[in-house]
Amino acid sequence: MSDLETELRRAMSEETDGLRAAPDLVDRVVRLSRRRRSTRVSLAAAVVAVILGAGAVPAYRAIQERRQVVSATVGAVVDGIEVRDLPSGLGEPENLDVVDGRLRGKAIRWARGDSSIKVTVYRPDQSPADWTELQAWGYLKEGRLWLRRGSSGLMSPRHDDLMWIEYDGLILRVTTSGPAGADLERVAMGLRVPWDPEFDGMRVTYIPDGLRDASGKTELGPDGLSRVWTGEGGRRVRVEFVHELRAKNFTTLRQVSWPAKDMALDLRPASVRGLPAYEGKIVADDPNRDEGRVLMWLIRPGLGVRIWASTPLAGEMTRIAEGIRPVPQRYSQSVDGVEFTPLRLDRKHEKTALGHDWSVQSIHPG
């Protein structure tokens with residue numbers, strides 16, 4: 001070893017001989033290392049700086065990921081729609097009345113510098129049927145199909161404008177500019193449409209967290225009226241109420257008018273609040289497609305319930321079922337001693353036997 005190299009080593013040893021790490025430095029580093037990776041990079045750089053000493057030239061570059069902080073709380077409400085996931089630092093919003101061609105609505109807008117986000121809510125008396133009619137009305141003519149929520153939607157080529165039909169009678173739109181454009185879809189998916197837990201004379205009191213709240217739209221299911229809740233990753237729940245002859249007994253309730261080639265296999269006895277029920281797996285003609293599971297039971301002859309759930313939510317079906325209750329009503333007429341609220345329609349009556357001591361009377365527009 002040369003004399004020069006020996007002298008350099010001795011000098012470096014003398015410079016660092018007095019440096020000592022704090023006794024709890026290792027523990028602190030371990031605790032802090034559980035934070036984000038970017039923080040770990042900065043911590044490692046800081047430890048190196050201590051070892052090298054204040055006068056040493058740093059032989060590293062600290063790389064830290066920069067992310068916009070997104071709020072998970074409600075940022076604002078516009079025409080009943082809650083705006084949740086917003087980038088930070090946009091300041092106070094302004095409320096606007098909007099006229100966009102054939103649509104009138106309410107909007108809320110955040111802006112700071114060249115960054116802005118606007119959420120618009122339209123509640124037309126008549127909605128476009130789908131995205132093709134939305135374009136025919138003059139909206140996002142160059143847009144591409146976007147179906148992450150709602151029934152039909154469009155995204156602009158520049159990814160700065162989203163417009164979709166949440167359900168018939170409700171159209172939502174999110175537009176952005178500048179850096180806020182990176183959060184366009186996140187803001188859109190974070191909009192919360194409050195749902196009415198009551199439909200078809202029943203109340204659904206529990207739905208799992210993480211599902212986008214169902215809107216006010218009641219859909220026609222395979223054999224009855226239903227409402228659907230959806231979430232990320234294909235998570236989906238449908239609650240369907242089945243009436244009259246379709247719910248006469250378990251034999252008819254199990255005879256679902258399956259869409260396409262779906263069918264239920266391995267139906268096994270179950271229970272809902274002490275009532276007998278059946279649970280089974282739904283399969284399709286494509287063995288690679290997971291259709292989830294179904295739980296069905298009779299509240300009484302003439303009223304049955306089916307809950308359809310994607311596989312990740314199958315364990316929640318019983319809790320959803322136990323949260324279903326009838327809606328109390330004011331009565332003014334009766335059928336066989338059972339009171340009901342009359343319809344203000346010209347109507348014809350049909351009476352059908354469901355079994356021993358049970359009957360149903362249907363009222364239809366004349």
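Keep in mind it's a predicted model, so treat the numbers as computed, not measured.

Participant: Would you explain the pattern of salt bridges in this entry?
Facilitator: A side chain with one charge may pair with a side chain of the opposite charge, provided their charged atoms come close. Under the defined criterion, the tally for this structure stands at 13 salt bridges. Between arginine 123 and aspartate 79 there is a salt bridge; the shortest N-O distance is 3.2 Å. Placement of arginine 123 in the loop between strand 7 (115-122) and helix 4 (131-136) and of aspartate 79 in the loop between strand 2 (76-78) and strand 3 (81-83) is noted, with a sequence separation of 44 residues between them. Assessed through its relative accessible area of 37%, arginine 123 is described here as partly exposed.

Participant: Please clarify how the confidence of the model for the protein chain should be interpreted in this entry.
Facilitator: Do not read the fine detail of predicted coordinates wherever pLDDT is low. Confidence along the protein chain averages 75 in pLDDT terms, with 65% of residues attaining 70 or more. Every residue in residues 19-23 scores below 50 in pLDDT, and together they form four contacts with partners more than four places removed in sequence or on other chains. Note on residues 341-349: pLDDT under 50 across the span, and 22 contacts to partners over four residues away in sequence or across chains.

Participant: Before we go on, may I ask you to explain the sheet that holds strand 5 (residues 94-100) in this structure?
Facilitator: If you walk across this open sheet you meet the seven strands as 5-6-7-11-10-9-8, and the pairing is antiparallel. Each edge of the open sheet carries a strand with a single partner, namely strand 5 and strand 8 (144-146). When strand polarity is set aside, the average angle formed by the axes of neighbouring strands in this sheet is 25°.

Participant: Help me understand the nonpolar core in this model?
Facilitator: Nonpolar side chains in soluble globular proteins tend to end up buried together. Residues Val119 and Val174 are the most contacted members of the largest nonpolar core, which totals 25 residues. For this core, the secondary-structure elements that each account for two or more residues are strand 2, strand 3, strand 6 (103-112), strand 7, strand 10 (161-167), strand 11 (170-177) and helix 5 (184-190).

Participant: How should the packing of aromatic side chains be read in this particular structure?
Facilitator: A ring pair, where both rings are aromatic, is described by two values, the distance of the centres and the angle of the planes. The final tally for this structure, using the stated rule, is three aromatic pairs. Where tryptophan 146 meets tryptophan 164, the ring centres are 5.3 Å apart and the plane angle is 50°; that geometry is what we call tilted. Here tryptophan 146, found in strand 8, pairs with tryptophan 164, found in strand 10; they are 18 residues apart in sequence, far enough to count as distant. Each member of the pair, tryptophan 146 together with tryptophan 164, is buried. With 5.1 Å between their ring centres and 50° between their planes, phenylalanine 199 and phenylalanine 241 make a pair best called tilted. Remark: phenylalanine 241 occurs in strand 17 (residues 236-243) and phenylalanine 199 occurs in strand 12 (residues 198-199); sequence separation between them is 42 residues. Phenylalanine 199 gets classed as buried once you look at its relative accessible area, which sits at 5%. On the basis of relative accessible area, phenylalanine 241 is assigned to the buried category, the value being 0%. For the cation-ring pair, arginine 102 lies above tryptophan 137, with the distance from its terminal atom to the ring centre recorded as 3.9 Å.

The rules behind each value
Residues numbered from 1 in each chain as written. Predicted model: local features only at pLDDT ≥ 70, side-chain atom pairs only at ≥ 80, totals over all residues. Heavy atoms only, no water. Salt bridge = Lys/Arg side-chain N within 4 Å of Asp/Glu carboxyl O. Helix = DSSP H or I, 4+ residues; strand = E, 2+ residues; numbered from the N terminus. Buried < 20%, exposed > 50% of the residue type's maximum accessible area, 1.4 Å probe, protein only. pLDDT = per-residue confidence, 0-100. Contact = heavy atoms within 4.5 Å. Pairing = 2+ DSSP bridges. Axes fitted to C-alpha atoms, helices over the stretch in contact; angles between N-to-C directions. Core = buried A, V, L, I, M, F, W, Y, C linked by side-chain atoms within 4.5 Å. Phe/Tyr/Trp six-rings, centres within 6.5 Å; stacked < 30°, edge-to-face > 60°. Lys NZ or Arg CZ within 6 Å of the ring centre and 35° of its normal.

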